[in-house]
Amino acid sequence: MAQATANLLNIAGVNYGILGAKEMCCGESVRKAGNETLFKRLARENIKTFIENGVKKIVVSSPHCYHTFKNEYPEFKVTFEVLHITQYLDS
């Protein structure tokens, strides 16, 4: 899915970045499984990485990541523009 998303962005001529090995799971599944401690750790580490790398907009291919970044990360007092790849390509 990640490769397909990158291919679409390349075809559209979008200038984008990938954090590579710095990218971590958004934590959606571990939170749903009840591991709130791990979710908070993942969220804080992701937020730190995003801020350190100047991330302002997050484009995702997963609806789970979309929901988590858009609706759950703001509880950590941060707001990123979050778009699903279909929304981004439609704009």
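Above: the structure in question.
Residues numbered from 1 in each chain as written. Predicted model: local features only at pLDDT ≥ 70, side-chain atom pairs only at ≥ 80, totals over all residues. Heavy atoms only, no water.

Observations concerning the pattern of salt bridges
Counted under the stated rule, the structure contains seven salt bridges. For K32, the salt bridge goes to E28, with nearest N and O atoms at 2.7 Å. Taken together, the positions of K32 and E28, both in helix α2 (residues 28–32) and four residues apart, correspond to about one turn of that helix. E81 serves as the salt-bridge partner of K57, at 4.0 Å between the closest nitrogen and oxygen. A residue pair is termed long-range when its members are at least 10 positions apart, and K57 in strand β1 (residues 57–60) and E81 in strand β2 (residues 81–84) qualify at 24 residues. Exposure remark for K57: the relative accessible area of 39% places this residue in the partly exposed category. The structure contains a network of salt bridges with shared partners spanning R31, E36, E72 and E75. (Salt bridge = Lys/Arg side-chain N within 4 Å of Asp/Glu carboxyl O. Helix = DSSP H or I, 4+ residues; strand = E, 2+ residues; numbered from the N terminus. Buried < 20%, exposed > 50% of the residue type's maximum accessible area, 1.4 Å probe, protein only.)

A look at the nonpolar core
Ranked by internal contacts, the top residues of the largest apolar core, which has 17 residues, are F39, I47, F50, I58, F69, Y73 and F80. Those elements giving two or more residues to this core turn out to be α3 (36–52), β1 and α4 (63–72). Top element by residues in this core is α3. It accounts for five residues. Setting aside residues up to four positions removed in sequence, Y73 forms contacts with C25, C26, F39, L42, A43, N46, I47, F50, T68 and V78. In this structure, L9, V14, L83 and Y88 belong to the second largest nonpolar core, which totals five residues. (Core = buried A, V, L, I, M, F, W, Y, C linked by side-chain atoms within 4.5 Å. Contact = heavy atoms within 4.5 Å.)

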